[in-house]
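Chains, contacts and geometry: an overview
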Amino acid sequence: MNALERELTGRFGARVGRGLPLADLTSFQIGGPADLFVTVESADELSAALAAAARMGAPAMCLGAGTNLLISDRGVRGLVVKLGRNFDCCRIDATRVAAGAAMAFGALVETAIERGLAGLEFGEGIPGSVGGGLVMNAGAFGGEMARVVVAVHGVTGVGEIRALSKDEVGFAYRRTNLPAGFVITRADFALEHGDREALRARVAELRARRTARQPRGLPNAGSIFKNPPGAFAGSLLESAGLKGARMGGAAFSDRHANFIVNLGGARAAEVRALIELARNRVRESSGVWLEPEVKFVGEW
Ligand SMILES: Cc1cc2nc3c(=O)[nH]c(=O)nc-3n(C[C@H](O)[C@H](O)[C@H](O)COP(=O)(O)OP(=O)(O)OC[C@H]3O[C@@H](n4cnc5c(N)ncnc54)[C@H](O)[C@@H]3O)c2cc1C
């Protein structure tokens, strides 16, 4: 047992895991273990865990719902923190919504609509947590998190509890410029009053569009590449002949070329090799260097 494990176990007891397999905590169902894993239930607990890791020079990261990650087969060194049930909450005051970072983004979308609040409909069908959605500036159908969030609360990499304005978060296309190691615990959204039936109709339409074009039934991590300016990654991949291309247990979906699916037992190394193959092929065929949207996590 190392010093970090000793300190964390002293405070969090059985909530600390050593060598915990992460694959089942991701939508891709891929990846090795975390050296240390802990579930925290308050900002103070999060602060203590992050401060301990920082003091001991151990890297730390937050795992959301794991729907945008490719975790290495070797796993993650240092500490992986997960926000527990206490962060799965939501408070509504007129058009202001405060949502805990562990709340499922889909549940937040549904809650807002049932309260007749407009602004989050774009999130219909985006899996993952509110925290992960903020970090990724998740978006679809012309909407994105950045349009509706006003402030983010969390803990810095050294354990300081802080609130950040929208500008300090630095939202950009499928990324943010959060301070290194910052873990989001909660966010405040400014929505607008809307007609509930019209909102329901809008999400039903978006759901149908999503269902028509995304692969179903096989583990994946959503879009593998970001859309380059003025183009769609899926079209470039399809033109380069990558639809259905396979490496071991991983393959580009034959339904949507920008999705890689785990056909069963895929290894992270195979997915990564397929990603590199695709980048090179697309560069050769169209001169575009695609940027991955999926995040590579762990020791490669
Ligand atoms: C079928 C499918 C469809 C998808 N469709 C879309 C789509 O339409 N649009 C879109 O934008 N995305 C889409 N995605 C990708 C993914 O769902 C989003 O990026 C989602 O917002 C990620 O949230 P998560 O909780 O799963 O984050 P994770 O995958 O767990 O983490 C993503 C990143 O955020 C960090 N992180 C997570 N939580 C926190 C936190 N509380 N504080 C600090 N850092 C944190 C992680 O360390 C990691 O760097 C799709 C994925 C799938 C599988």
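Residues numbered from 1 in each chain as written. Predicted model: local features only at pLDDT ≥ 70, side-chain atom pairs only at ≥ 80, totals over all residues.

Here we look at the overall build of the protein chain
Broken down by element type, the protein chain carries 8 helices and 19 strands. Overall, the protein chain is about 55 × 50 × 30 Å in size when its C-alpha atoms are taken along their principal axes. Evaluated residue by residue, the protein chain yields a buried proportion of 42% over its 300 residues. Here the contacts in the protein chain between residues at least 6 apart in sequence split such that 66% fall between residues at least 24 apart. (Helix = DSSP H or I, 4+ residues; strand = E, 2+ residues; numbered from the N terminus. Buried ≥ 20, exposed ≤ 12 C-beta atoms within 10 Å, placed from the backbone. Contact = placed C-beta atoms within 7 Å.)

Looking at helix H8 (residues 268–286)
The terminal C-alpha atoms of H8, which comprises 19 residues, lie 27 Å apart, in line with the 27 Å expected from a rise of 1.5 Å per residue. Every buried residue of H8 is accounted for by Ala268, Glu270, Val271, Arg272, Leu274, Ile275, Ala278 and Val282. Downstream of H8 by a residue or two, Gly287 has a phi angle that is positive, lying close to 75°. (Expected span 1.5 Å × (residues − 1).)

Brief notes about the domain arrangement of the protein chain
It is common to report an interface's size as the accessible area lost on association of the parts. Along its sequence, the protein chain is carved into domain 1 (3–83), domain 2 (88–198) and domain 3 (216–290). Between domain 1 and domain 3, the C-alpha centre-to-centre distance is 29 Å. Taken together, the 12 residues of domain 1 in the interface contact 11 residues of domain 3. Class assignment of the residues belonging to the side of domain 1 that touches domain 3 gives a composition of 5 nonpolar, 6 polar and 1 charged. (Domains from an automatic or database assignment. Nonpolar A, V, L, I, M, F, W, Y, C, P; charged D, E, K, R; others polar.)

Considerations on the packing of helix H1 (residues 3–12) against helix H2 (residues 43–55)
Here H1 crosses H2 at 165°, and the two axes come no closer than 10 Å. By the angle between their directions, the pair H1 and H2 is classed as roughly antiparallel. Crossing handedness for the pair H1 and H2: right-handed. Facing Leu4, Glu7, Leu8 and Arg11 of H1, the residues of H2 in contact are Ala48, Ala49, Ala52 and Ala53. For the contact of H1 with H2, the class distribution of residues is 6 nonpolar, no polar and 2 charged. (Axes fitted to C-alpha atoms, helices over the stretch in contact; angles between N-to-C directions. Parallel < 35°, antiparallel > 145°, perpendicular 65-115°, else oblique. Left-handed = near helix turned anticlockwise from the far one by under 90°.)

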